[in-house]
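Notes for the structure review
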Amino acid sequence: MKKILVTGGSGMVGRNLLSHKESEKFDIIAPSHGVLDLTIKRDVDEYLADEMPDFIIHCAGLVGGIQANLKYPLEFLMENLDMGCNLLMSARKVGIKNVLALGSNCMYPKNIEEGLTEEMILKGELEESNEGYALAKITISKLCKIISNENKDYNYKMIVPCSLYGKWDKFSPESSHLIPAIIKKLNDARVNNEVNVEIWGDGLARREIMYAEDLADFIYFSLDRFNELPEIMNVGLGKDYSINELYSAVAKVVGYKGGFFHNLDRPVGMRKKLLNIKQLESFGWQSGTSLEQGLKLTNDFYLSNI
Ligand SMILES: NC(=O)c1ccc[n+]([C@@H]2O[C@H](COP(=O)([O-])OP(=O)(O)OC[C@H]3O[C@@H](n4cnc5c(N)ncnc54)[C@H](OP(=O)(O)O)[C@@H]3O)[C@@H](O)[C@H]2O)c1
């Protein structure tokens, strides 16, 4: 039985990995942030030397929506950079051969209308609102590449998921991403009989969103064929939705019957960030949960847990 270290096991992606049926095939260790703070290099060195997992799946990170990124740019840059660099450099030092790190679609240049291919990283200016987070992820992807090139026995790779949502998402307005924010807002509006809900911006920006359990499914799929996984690969749906469409879809699931208005003074981030999924298709995987199913499962989770 292969031993896997999952970092960020208490987060949304981590919890989906740990609760996935495939997890039973592995011996998984998932130290909490309190047990192993990845920003402390010496602790990471000691932990990895003691545990020597066959694989590391690096899901830990300081992760948040546009508000959190704008408020804490330094933390988003430095904490994500420190976590990734410490983990990869310690793993290299003690001889752990397989690492899968999670990137983000923020790594791509802003305002590109066509599908984002993996070669486009570093080919243009980043979106300012999450530049620090993006720079940290880009550096970690390059570190993966350099370590793997230095010694061919090492497979350090990165996947670049589109935006995610699902069970164990964060629903508080300060730290939430788009979908949990909409779910909370429309549930509150329904309960309070509000007739009009604010949408930030004109609602025409587009987002590609995947149910997080599907990403967990992809990760287990990739572990079985890790040598064939490209050094960096997008994991998305290949289609996106306008923010207006997402509000309508959530309203249907939540049962919110009121209207919407647009606040054009609020930031919206990138207009479009659709991933090109040619490599993913060749790798032989596709996401299985429809938008309606995913929203329903996430809303059920919200109603019973939050
Ligand atoms: N969510 C998305 O839409 C999305 C999209 C694309 C890519 N990703 C990537 O997927 C990964 C997982 O995201 P997520 O949504 O699951 O994030 P999340 O729910 O915020 O979870 C982050 C995890 O990292 C842990 N963590 C934070 N700082 C740490 C530290 N210094 N040492 C050890 N652990 C630490 C957190 O533990 P505590 O809570 O105890 O601090 C938590 O378990 C991230 O790399 C993210 O960039 C996410």
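As shown above, the structure is provided for reference.
Residues numbered from 1 in each chain as written. Predicted model: local features only at pLDDT ≥ 70, side-chain atom pairs only at ≥ 80, totals over all residues. Heavy atoms only, no water.

**Observations concerning the packing of helix 6 (residues 178-191) against helix 10 (residues 291-305)**
So the rule is basically this: Fitted lines through C-alpha atoms give the axes, limited to the stretch in contact for helices. The angle between two N-to-C directions lies from 0 to 180 degrees. Counting from the N terminus, the helices are the DSSP runs of H or I reaching at least four residues and the strands are the DSSP runs of E reaching at least two. Roughly parallel means an angle under 35 degrees; roughly antiparallel, over 145; roughly perpendicular, 65 to 115; everything else is oblique. Crossing handedness is defined as follows: a turn of the near helix away from the far one that is anticlockwise and smaller than a right angle gives a left-handed crossing, while the clockwise case is right-handed. By definition, residues are in contact when any of their heavy atoms lie within 4.5 Å. Residues are sorted three ways: Asp, Glu, Lys and Arg are charged, Ala, Val, Leu, Ile, Met, Phe, Trp, Tyr, Cys and Pro are nonpolar, and all the rest, Gly among them, are polar.
Viewed as axis vectors pointing N to C, helix 6 and helix 10 meet at an angle of 60°, and their least axial separation amounts to 11 Å. Compared by their axis directions, helix 6 and helix 10 come out oblique. Judged by the sense of rotation from one axis to the other, the crossing of helix 6 with helix 10 is right-handed. Listed contacts from helix 10 to Ile179, Ile183, Lys184, Asn187, Asp188 and Arg190 of helix 6 are Leu295, Thr298, Asn299, Tyr302 and Leu303. In terms of residue class, the contact of helix 6 with helix 10 is made up of 5 nonpolar, 3 polar and 3 charged.

**Here's the deal with the pattern of salt bridges**
This is how it is decided: By definition here, a salt bridge exists when the distance from a side-chain nitrogen of Lys or Arg to a carboxyl oxygen of Asp or Glu is within 4 Å. Classification of residues uses two cut-offs on accessible area relative to the type maximum, computed with a 1.4 Å probe and protein chains only: under 20% is buried, over 50% is exposed, and between them is partly exposed.
Counting across every chain of the model gives 15 salt bridges. With a shortest N-O distance of 2.8 Å, Glu51 and Lys3 are connected by a salt bridge. With Glu51 in helix 2 (residues 41-51) and Lys3 in strand 1 (residues 3-7), this residue pair connects regions lying 48 residues apart in the sequence. A relative accessible area of 24% places Glu51 in the partly exposed class. On the accessibility criterion, Lys3 (18% relative accessible area) is buried. Between Lys93 and Asp45 there is a salt bridge; the shortest N-O distance is 3.1 Å. Here the residue Lys93 occupies a position in helix 4 (residues 73-94), and Asp45 occupies one in helix 2, the gap between them amounting to 48 residues. Given a relative accessible area of 16%, Asp45 falls into the buried group. Several salt bridges share partner residues, and in doing so they unite Arg206, Asp240, Glu245 and Lys272 into one network.

**Section: the packing of helix 6 against helix 8 (residues 243-254)**
Where helix 6 meets helix 8, the axes come as close as 9 Å, and the angle between the chain directions of the two elements is 50°. Judged on the interaxial angle alone, helix 8 and helix 6 are oblique. Viewed along their axes, helix 6 and helix 8 form a crossing whose handedness is right-handed. The segment helix 6 lies against helix 8, with Leu178, Ile179, Ile182, Ile183, Lys185, Leu186, Asn187 and Arg190 engaging Ile243, Leu246, Tyr247, Val250, Ala251 and Val254. Looking at the contact of helix 6 with helix 8 residue by residue, the classes come out as 11 nonpolar, 1 polar and 2 charged.

**Describing the site of the ligand**
Cut-off, in case you're wondering: We call a residue near a molecule or strand when any one of its heavy atoms sits within 4 Å of it. We call two N or O atoms a polar contact when they sit within 3.5 Å, provided that within protein one can donate a hydrogen and the other can accept it, with sequence-adjacent residues counted only if both atoms are side-chain atoms. Per-residue accessibility takes into account occlusion by the displayed protein chains alone, with areas from the Shrake-Rupley method and a 1.4 Å probe.
Around the ligand, a shell composed of 25 residues is seen, among which Ser10, His33, Tyr133, Lys137 and Lys170 lie nearest. Within the backbone of Leu38, an N or O atom sits 3.0 Å from a nitrogen atom of the ligand. A distance of 2.9 Å separates an oxygen atom of the ligand from a polar backbone atom of Leu164. Across the complex, the protein chains shield 85% of the 900 Å² of accessible surface that the ligand would expose by itself. Every element with two or more residues in the shell around the ligand is listed here: helix 1 (12-19), helix 5 (131-150) and strand 6 (163-165). Residue composition of the shell around the ligand, grouped by class: 13 nonpolar, 9 polar and 3 charged.

**Details of the pairing of strand 10 (residues 232-235)**
Our working definition: Strand pairing requires that DSSP identify at least two bridges connecting the strands.
Covered by surrounding structure in strand 10 are Ile232 and Asn234 together with Met233 and Val235, the residues of both alternating faces. The pairing of strand 5 (residues 155-161) with strand 10 spans 4 bridges and is parallel. Across the sheet, Pro161 pairs through a bridge with Val235, a residue of strand 10.

**Side note on the side chain of Ser23**
By the secondary structure assignment, Ser23 is in the loop between helix 1 and strand 2 (27-29). Residue classification places Ser23 among the buried residues on the basis of a relative accessible area of 12%. A polar contact of 3.3 Å, which involves the side chain of Ser23, links it to the backbone oxygen of Leu18. Setting aside chain neighbours within four positions, we find Ser23 in contact with Leu17, Leu18, Ile28 and Tyr220.

**Overview of the side chain of Thr298**
Take Thr298: it is sitting in helix 10. Classification of Thr298 by relative accessible area gives buried; the value is 0%.

**Comments concerning the sheet that holds strand 3 (residues 55-58)**
Either a parallel or an antiparallel arrangement is found when strands of a sheet pair, and the pairing is made through backbone hydrogen bonds. Pairing is parallel in the open sheet, where 6 strands are placed in the order 2-1-3-4-5-10. Taken across any chain shown, the strands that pair with only one partner, and hence form the sheet edges, are strand 2 and strand 10. Along the sheet, successive strands turn relative to each other by an average axial angle of 20°, direction set aside. Its contacts with the sheet place helix 2 against strand 1, strand 2 and strand 3, and it is angled at close to 160° to strand 1.

**Details of helix 5**
Definition in use: A helix is expected to span 1.5 Å multiplied by its residue count minus one.
Taking 1.5 Å per residue, 20 residues should reach 28 Å; helix 5 reaches 28 Å between its end C-alpha atoms and fits that length. Here the buried face of helix 5 lies against helix 3 (66-71), helix 4, strand 4 (98-102), strand 5 and strand 10.

**Here we look at the environment of Leu215**
Tracing the backbone through its elements, the reader meets Leu215 in helix 7 (residues 212-223). A C-alpha to C-alpha distance of 9.6 Å links Leu215 and Cys162, two positions 53 residues apart in sequence. Ignoring any residue separated from it by four or fewer positions in sequence, one finds Leu215 in contact with Val13, Leu102, Ile159, Pro161, Leu164, Met210 and Val235.

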